[in-house]
Amino acid sequence: MKLEGTEILKCNYAARNIPRGVVLLPFTLVVILLLFPLLRTLNLSASKIFATSFESKEETRRSSCNVFSGNWTPYLKGPYYSNETCPFIFDKQNCLLHGRPDREFLQWRWKPNECQLPLFDAAQFLKMVKGKSMAFVGDSIGRNQMESLLCLLSSVARPEDITGKHASDSTYFKWWFYPDHNFTLALLWSPFLVKSSKSYLNDSSNFYLSEKLYLDEPDEAWASQIEDFDVVIFSGGQWFFRPLTFMEHGHVVGCQKCQNNTELDFYGYRIAFRTAFKTILNLKGFKGLTFVVTHSPNHFENGLWNTGGGCNRTKLVTTVEEKVAVHPYGIEELHQIQIEEFREAENEAKKKGLELGLIDITEAMLVRPDGHPNSYGHAIDKNITVNDCVHWCLPGPVDTWNEILLYHMKTRM
């Protein structure tokens, strides 16, 4: 029988002689062939959507890494600022102003092993802290970092000095205010973090004056004011190398560099940080973010600061022999104590809904003996020269601390 195409399409023959399933098969194949490109396109689009979602989560995961493990790499673009563009550099750290001839110490950036540490973005920082307040609590190393921050922000905004409204002592305390951002920045001087006899106030240059530390009592210089701050940054270590008497509950529990003993007693350092953490975590009104900056190493060679020691290296140390030569006494013990006490406090903070952050700069700074002022600082109102291998030149490697600070603030604020 001859079949016409129109009959097949009208299903006349199929209805009479062929099962319906056999007839529908060609139509199904035609539909699939026609729709396949569209389905393929939709499938690829969906894949891209899911892939983008996964990559976004993965990127977020990768964006947070261990920024404390890495190396210094050459960076020839130079520092963020200079002694001519920033008016906030303390004379003792103004190395270029006072004649330091070399510049190689300014041509390095810290590169973490697992990620990139972004450059400091002053506009982004000020946007994050708008309407907030930040306090550096500690000694002159904390002030060193605060002045670095002032310089890093100076390309965008200049603050007003409002110290007189908050403190009578502008030598040890400092308050700044950025009116356009309603941002307050303060230095709350507390070299031991706990209450002390403050013998150093009578003669700050006498390193051998014995200090009495009340280890179970926080220093009211910061404890009485810290509750309303949004970001608090603790640091400290250098003052714990002097003669100390340790008090707890009104009784002497130990001493350091006393009775012909020249060894450090790390007990005082541990309990001081433990008390500081306990204090801030137990403040009822405190809801801020707390950071701890680990111990900043000094790099005296051929003697101490008062016995002719200095730090005239102009390059990073790379060999084992060099690292041994500049290795400061007690650095591992102090660093370990800080990390242990921080971890304990971090666990307690989580229970209370508070956040603690770590800025572990010890390893990075250990190989930077080139970053100190040495003899290129200047003692205010004193016609003497003291080699400074404790603080850091501005600009200099201390600026990295604030790069790390901003990096961690972005994940917590």
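Refer to the structure presented above.
Reading guide: rules and limits
The residue numbers shown here count from 1 along each chain, following its written sequence. With pLDDT at 70 or above as the cut-off, local features in this predicted model cover only qualifying residues; side-chain atom pairs require 80 or more to be listed or tallied, and sums for whole chains, interfaces and linings still use all residues. Heavy atoms from the whole structure form the basis of all side-chain values; hydrogens and water molecules are not counted. Each aromatic pair joins two rings of Phe, Tyr and Trp (for Trp, the six-membered one) with centres within 6.5 Å, and gets the label stacked for planes under 30 degrees apart, edge-to-face for over 60, and tilted for any other angle. Secondary structure counts use DSSP, requiring at least four H or I residues in a row for a helix and at least two E residues in a row for a strand, with both numbered from the N terminus. Remark: exposure states derive from per-residue accessible area (1.4 Å probe, protein chains only) relative to the maximum for the residue type, with buried under 20%, exposed over 50%, and partly exposed in between. Charge over a ring is defined by NZ of Lys or CZ of Arg lying within 6 Å of the ring centre and within 35 degrees of the ring normal. One side-chain nitrogen of Lys or Arg within 4 Å of one carboxyl oxygen of Asp or Glu is enough to make a salt bridge. Criterion for a disulfide: a pair of cysteine sulfur atoms at a distance within 2.5 Å. Convention adopted: a line fitted to C-alpha atoms gives each axis, helices being fitted over their contacting stretch, and angles between N-to-C directions are expressed from 0 to 180 degrees. The labels follow the angle: roughly parallel below 35 degrees, roughly antiparallel above 145, roughly perpendicular from 65 to 115, and oblique for the rest. Handedness of each helix crossing follows the sense of rotation of the near helix against the far helix: counterclockwise by less than a right angle gives left-handed, clockwise gives right-handed. Contacts are assigned to residue pairs with any non-hydrogen atoms lying within 4.5 Å of each other. Residues are grouped as follows: nonpolar covers Ala, Val, Leu, Ile, Met, Phe, Trp, Tyr, Cys and Pro; charged covers Asp, Glu, Lys and Arg; every other residue, Gly included, is treated as polar. Here the rule is simple: two strands pair whenever DSSP picks up at least two bridges between them.

The relative placement of two aromatic rings is captured by the distance of their centres and the angle of their planes. Summed over all chains, the structure comprises 14 aromatic pairs. Relative to Y269, the ring of F240 lies with its centre 5.0 Å away and its plane at 85 degrees, an arrangement referred to as edge-to-face. With F240 in the loop between β9 (231–234) and β10 (244–248) and Y269 in helix α8 (residues 267–281), this pair connects stretches of sequence that are 29 residues apart. The pair formed by F240 and Y269 is uniform in burial state, with each residue classed as buried. The ring centre of F105 lies 3.8 Å from the NZ or CZ of R100, which sits over that ring. When the ring centre of W72 is taken as reference, the NZ or CZ atom of R368 above it lies at 4.6 Å.

Let's shift gears to unusual backbone geometry. The omega torsion of the bond from L394 to P395 falls at -5 degrees, within 30 degrees of zero and hence cis. By the element assignment, P395 lies in the loop between α11 (362–366) and α12 (399–409). Positive phi outside glycine occurs at L193, with the angle close to 70 degrees. When you line up the elements, L193 lands in the loop between β6 (183–189) and β7 (194–196). The backbone of K198 shows a phi angle near 55 degrees, a positive value even though the residue is not glycine. For K198, the position within the fold is in the loop between β7 and β8 (211–218).

Taken as a whole and judged by the stated rule, the model has 15 salt bridges. Among the salt bridges present, the one from E403 reaches R109, with a minimum N-O distance of 3.2 Å. Highlighted residues: E403 in helix α12 and R109 in strand β2 (residues 108–112), separated in sequence by 294 residues. The pair formed by E403 and R109 is uniform in burial state, with each residue classed as buried.

In this structure the tally under the stated criterion is five disulfides. Across a sulfur-sulfur distance of 1.6 Å, C255 and C258 are joined as a disulfide pair. Taking the sign of the S-S torsion, about 50 degrees here, the bridge from C255 to C258 comes out right-handed. Residue C311 pairs covalently with C389 via a disulfide, S to S 2.2 Å.

We now examine the packing of α8 against helix α10 (residues 331–351). Contact pair α8 / α10: the axes reach a minimum separation of 10 Å and the direction vectors enclose 25 degrees. When the axis of α8 is compared with that of α10, the two are roughly parallel. Note that α8 runs across α10; the crossing there is right-handed. Mapping the contact onto sequence places Y269, R270, F273, R274, F277 and L281 in α8 and L334, I337, Q338, E340, E341, F342, A345, E348 and A349 in α10. Taken together, the residues of the contact of α8 with α10 break down into nine nonpolar, one polar and five charged.

Now for the sheet that holds strand β11 (residues 251–256). Judged by pairing direction, the sheet is mixed, and its four strands sit side by side in the order β7-β8-β10-β11 without closing on themselves. Pairing within the sheet leaves two strands with one partner each, and these edge strands are β7 and β11. Each adjacent strand pair in this sheet contributes to an overall mean axis angle of 30 degrees, direction not counted. Bridge analysis of β7 against β8 gives three bridges, and the strand direction is antiparallel. Paired with V194 across the bridge in β8 is P218. Across the sheet, α8 touches β7, β8, β10 and β11, and the angle it forms with β8 is around 35 degrees.

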